[in-house]
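Here is what each chain is made of, one letter per residue.
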Amino acid sequence: MSFTQFNLDSRLNAAIKRAGFIKPTPIQTSAIPLALAGHDLIGTAQTGTGKTAAFVLPILQKLLKVPGKRTRALIITPTRELAEQIHQTIGLFSTGTKIRSVAIYGGVGANPQIEALRRGAEIIVACPGRLLDHMQNKHANLGTIETLVLDEADRMLDMGFLPDIKRILRQVPKQRQTMLFSATFPQEIVQLASQTTNNPKRVSIGIVRPAHTVDHTLFPVPHHLKKQLLIRILDQTDTKSILIFTRTKHRAQNLLKKIKRTKYKVTSLHGDRTQGQRRQALNGFKNGKYQIMVATDIASRGLDIDGISHVINYDMPATADAYIHRIGRTGRAQRTGEAYTFMTPDDLVLVQKIEKIMKEKLPKKTLSDFDYTVPKPENQQKPRKRQPRTVTSQR
Ligand code: ADP
Ligand code: MG
C-alpha cells in the first residue's frame, strides 16, 4: 500500500513525500478511502498511530477538489498544544495551496485569532471554550461547515467539554461529514458518536494497548524515597529526552525544583503555567534544549514529540487508560522507548489492572546499589494536616 493509491491531489502527494511518509499507517489505510468517499467515521486506534493525517488529508483533498472560500472544516480538540499541532500539520500538508487554517484556543490573546478569522480560513482547529467565545461575539461562523472532526473525543469528555461541544454542534449544519477519533471507546463515546454521526463506518486498529515498541518496567519504591530513586535512575540513563509524569501540578513543580539542583536541563508542563510558558517548555523539550520535562496529565494525550526515549511515571496514573496515554508519548511511529513506573504499596491494584490490559506481567526492577531501607525522616512521619480540597484543577 502506498499513498498514491488514494488518488490524492498532486500537491498533497508532494507534501506527503516531503513529510517523509512512505507508507500509510493501518488507520490511514482504512480511514482515508472511507473519508474520501464521504462516509462518517468513528476511528479508534492507540496513540501514535497517525490519526491526524487520517483526517487532515481527506479534508484537504475535499477542499482542493471543490474550491470555495468560506469556513468549511472544523476540527475540535481538547488541548491547546494539540490544536497547535494539528494546525501545523495542516500547514505542512497544504503548502503550495491557498488553503488557510486557524488555530483557536484560550490562554493567548483573542485579537490575532479574530484577525485571522476575519481574513478568512477554510479550516478551524479549535479547543471548545475559546471557540464558543468567538461564536458568541460573532467572530466565528460555523454555518458553512461541511466536515466536522472530534479528535481525542474520550479526552474531551474526561475534561468536561461535553456541554461545550453540544453548544458548538447546534451551530454546525446537520448536513455534514463527521469524523470522531478516540483512543478508547467507553459507553459515553458510543453515545456521543450516535448523536453526532450518521451511518458511521467503524475503523478500529487493534485493541487499545500501548505501542509494542515500548518496554515497561516497574520500580517498587517507598513513597519517601521516590526523589532519590529518580535521581539515581537519571544518573544511570542516557538522559536525552525523558518525560516525567506527576499526579498534580504542585508535585510537578516540586520535582522540577529538585531536578534543577542537579546537572540536568529540565522544564515543566502543567496547568499552572501560562500558555507562553507551556509553548516554550514544549518547544525547548522538542528541540533538545531541555533533556527532561516534568508534566501532569495535560501533556499525556496526543502530543506528538519525536524521540522521547523514556517516560517515567513518578506518580502512578489515576487509571489504566491514563497509563496507556502517558506511555503513548514514547515508542511513537515505530521508534522504541522505555516506560518506567514508580510503584508504592498503594499502587498495587492499579498495577494489576494495567497488567490485565497489557495481557502481561510487567517486570519489576530494583537497583542493587540503592538503599531502599532508609527510613522516613522524622518530620515527614508527623501526621500532616489534610489539604483542603480546592475547586481548581490539580493538573
Ligand atoms: P495519533 O493522533 O494517532 O496519536 P499522530 O497523527 O500524532 O498520531 O502521528 C504520530 C506520529 O507519526 C507523527 O509524528 C506523525 O508525523 C507520524 N506519522 C503519521 N503517519 C505516518 C506515516 N504514514 N509514515 C510515517 N510517519 C507517520
Ligand atoms: Mg492524535
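As the structure is a prediction and not an experimental result, all values here were calculated from the model. (Residues numbered from 1 in each chain as written. Chains lettered and ligands numbered in written order. Predicted model: local features only at pLDDT ≥ 70, side-chain atom pairs only at ≥ 80, totals over all residues. Heavy atoms only, no water.)

Caption draft 1: Representation of the side chain of H270 in the model. Following the sequence through the fold, H270 ends up in the loop between strand 10 (266–269) and helix 12 (275–286). H270 gets classed as buried once you look at its relative accessible area, which sits at 3%. A polar contact of 2.6 Å, which involves the side chain of H270, links it to the side chain of Q253. (Helix = DSSP H or I, 4+ residues; strand = E, 2+ residues; numbered from the N terminus. Buried < 20%, exposed > 50% of the residue type's maximum accessible area, 1.4 Å probe, protein only. Polar contact = N/O pair within 3.5 Å; in protein donor to acceptor, adjacent residues only side chain to side chain.)

Caption draft 2: The arrangement of the pattern of salt bridges in detail. For the structure shown, the criterion picks out 15 salt bridges. The partner of D272 in a salt bridge is K249, and the shortest N-O contact between them spans 3.2 Å. With a gap of 23 residues between them, D272 in the loop between strand 10 and helix 12 and K249 in helix 11 (residues 249–260) connect regions that are remote in the sequence. The exposure class of D272 is exposed, given its relative accessible area of 54%. K249 gets classed as buried once you look at its relative accessible area, which sits at 14%. One connected set of salt bridges, linked through shared partners, spans K69, R100 and E122. (Salt bridge = Lys/Arg side-chain N within 4 Å of Asp/Glu carboxyl O.)

Caption draft 3: Representation of the sheet that holds strand 7 (residues 201–205) in the model. Taken together, the seven strands give an open sheet; going across it, the order is 3-4-2-5-6-1-7, and neighbouring strands pair in parallel fashion. A single partner strand is all that each edge strand has here, and the edge strands are strand 3 (101–104) and strand 7. This sheet shows a mean twist of 15 degrees between the axes of neighbouring strands, independent of strand direction. In this structure, strand 1 (residues 41–45) lies alongside strand 7, joined through five bridges in parallel fashion. Looking at strand 7, one finds that I42 is bridged to R202. (Pairing = 2+ DSSP bridges. Axes fitted to C-alpha atoms, helices over the stretch in contact; angles between N-to-C directions.)

Caption draft 4: Molecular detail of unusual backbone geometry. Residues other than glycine seldom take positive phi values, yet E152 does so here, at roughly 50 degrees. With respect to the helices, strands and loops of the structure, E152 is situated in the loop between strand 5 (147–150) and helix 7 (153–158). Judged by its relative accessible area of 7%, E152 falls in the buried class. A positive phi angle, near 50 degrees, is found at N199, a position not held by glycine. Judged by its relative accessible area of 67%, N199 is exposed.

Caption draft 5: Molecular detail of the packing of helix 4 (residues 80–93) against helix 12. As a packed pair, helix 4 and helix 12 sit with axes 11 Å apart at the nearest point and diverge in direction by 60 degrees. When the axes of helix 4 and helix 12 are compared, the pair comes out oblique. You can see that helix 4 and helix 12 cross each other, and the crossing is right-handed. Only Q275, R278, L282 and K286 of helix 12 make contact with helix 4, whose side of the interface consists of R80, E81 and Q85. Grouping the amino acids of the contact of helix 4 with helix 12 by side-chain chemistry returns one nonpolar, two polar and four charged. (Parallel < 35°, antiparallel > 145°, perpendicular 65-115°, else oblique. Left-handed = near helix turned anticlockwise from the far one by under 90°. Contact = heavy atoms within 4.5 Å. Nonpolar A, V, L, I, M, F, W, Y, C, P; charged D, E, K, R; others polar.)

Caption draft 6: Looking closely at the nonpolar core. By size, the foremost hydrophobic cluster in this structure holds 37 residues, and its most contacted members are F55, I59, I75 and I123. The set of elements that each furnish at least two residues to this core consists of helix 1 (10–18), helix 2 (26–36), strand 1, helix 3 (51–65), strand 2 (73–76), helix 4, strand 4 (123–126) and strand 6 (177–182). If you tally residues by element for this core, the top one is helix 3, at nine residues. The contact partners of I59, leaving out residues within four places of it in the chain, are A73, I75, I123, T147, V149 and M179. By size, the runner-up hydrophobic cluster in this structure holds 30 residues, among which are L74, I76, A153 and I189. (Core = buried A, V, L, I, M, F, W, Y, C linked by side-chain atoms within 4.5 Å.)

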